[in-house]
Amino acid sequence: MKTAESIKLSEIAAALAAHRPAKRPVNDRGHAAVALLLREGACSPEVLFIIRAIHDRDPWSGNIGFPGGRLNHNGESPMQAAERETFEELSLDLGQARHLGRLDDLYGAIMPVLVSCFVYQLQGPAELQPNHEIDTAFWCPLPKLLEPERHQQRTFFYRDEERAHPVVELLDPEQPLLWGITYRLLRNFFALCEHDFGSSEPLGLKDF
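Note that this is a predicted model, so its numbers are computed, not measured.

How each quantity is defined
Residues numbered from 1 in each chain as written. Predicted model: local features only at pLDDT ≥ 70, side-chain atom pairs only at ≥ 80, totals over all residues. Heavy atoms only, no water. Phe/Tyr/Trp six-rings, centres within 6.5 Å; stacked < 30°, edge-to-face > 60°. Buried < 20%, exposed > 50% of the residue type's maximum accessible area, 1.4 Å probe, protein only. Disulfide = S-S within 2.5 Å. Helix = DSSP H or I, 4+ residues; strand = E, 2+ residues; numbered from the N terminus. Arc of directions from axis to C-beta. Contact = heavy atoms within 4.5 Å. Expected span 1.5 Å × (residues − 1).

Enquirer: Tell me about the packing of aromatic side chains, residues and numbers included.
Expert: This model, assessed by the stated rule, comprises five aromatic pairs. Summarising the aromatic geometry, the rings of Phe-190 and Phe-197 are spaced 5.3 Å apart at their centres and angled 20° between planes, so their arrangement reads as stacked. Using a relative accessible area of 1% as the deciding quantity, one classes Phe-190 as buried. By relative accessible area, which is 3% here, Phe-197 ends up buried.

Set out below in structure tokens:
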């Protein structure tokens, strides 16, 4: 595996261009799509995260994630949904960005949803204007995500069931942790780029 300092956008783009993503059937699940957005930072590539606003009807309320949401019921493709939701949530037009590729689709275990993830590189400065669904948005250097001391195990409670999950502590202790399907998408992303991310234990389709 490569070192964190070796991450380059050119290599990320090459890895994604060569990847043939697994596109899984929706079956009786909902279908959501998200956008993993990259840019060239001062010292390394950076990835954009959002923290979703607190809302009783949002199953990902208050979580760190990527911009995105469910597909419309009008023949919208997953990629169109990722771009539409990014514009609605952040006023960011991905038509001006470079589409690098797609990660493997993932099923949620707790939520009955299939998530598709599309990767883009922003070519220039971007002014983010979060809407009411987003509490805040922030850029994170990719090497920071690979720092071993940020990776932990935490216990979560959902529907009276206790589950232990791998997490990444990116922000202050009072702030949300990165975990769940966003964690799994990042595992797949870094594996494509030949970087170790988090636990060496394999994550299956339904680990969380």
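Enquirer: Let's hear about the state of the cysteines: which residues, and what values?
Expert: The final tally for this structure, using the stated rule, is zero disulfides. With no disulfide partner, Cys-117 has as its closest neighbouring cysteine sulfur the one in Cys-193, 12 Å distant. Free of any disulfide, Cys-140 has its nearest neighbouring cysteine sulfur in Cys-43, separated by 13 Å. A relative accessible area of 1% places Cys-140 in the buried class.

Enquirer: Any details on helix α1 (residues 9–18)? Residues and values, ideally.
Expert: Listed in full, the buried residues belonging to α1 are Leu-9, Ile-12, Ala-13, Ala-15 and Leu-16. Buried residues of α1, viewed axially, fall in a sector of 165°; they line one side. Away from the buried face of α1 by more than 90 degrees, exposed residues Ser-10, Ala-17 and Ala-18 are located. The inward-facing, buried residues of α1 abut β1 (30–40), β2 (45–52), β5 (98–102), β7 (113–121), α3 (142–145) and α4 (180–192).

Enquirer: Explain α4 to me, using residue names and the numbers behind them.
Expert: For α4, with 13 residues, the first-to-last C-alpha span of 19 Å sits near the 18 Å given by 1.5 Å per residue. Across the 13 residues that make up α4, a large majority, 10, are buried. What α4 keeps buried is the set Gly-180, Ile-181, Thr-182, Tyr-183, Arg-184, Leu-185, Leu-186, Arg-187, Phe-189 and Phe-190. Glu-194 sits one or two positions beyond α4 and adopts a positive phi of about 65°.

Enquirer: So what's going on with the environment of Val-167? Which residues, and what values?
Expert: Summarising the element assignment, Val-167 is placed in strand β10 (residues 161–168). Residue Val-167 is classed as buried on the basis of its relative accessible area of 0%. Measuring from C-alpha to C-alpha, the distance between Val-167 and His-151 comes to 5.8 Å, with 16 residues separating the pair along the chain.

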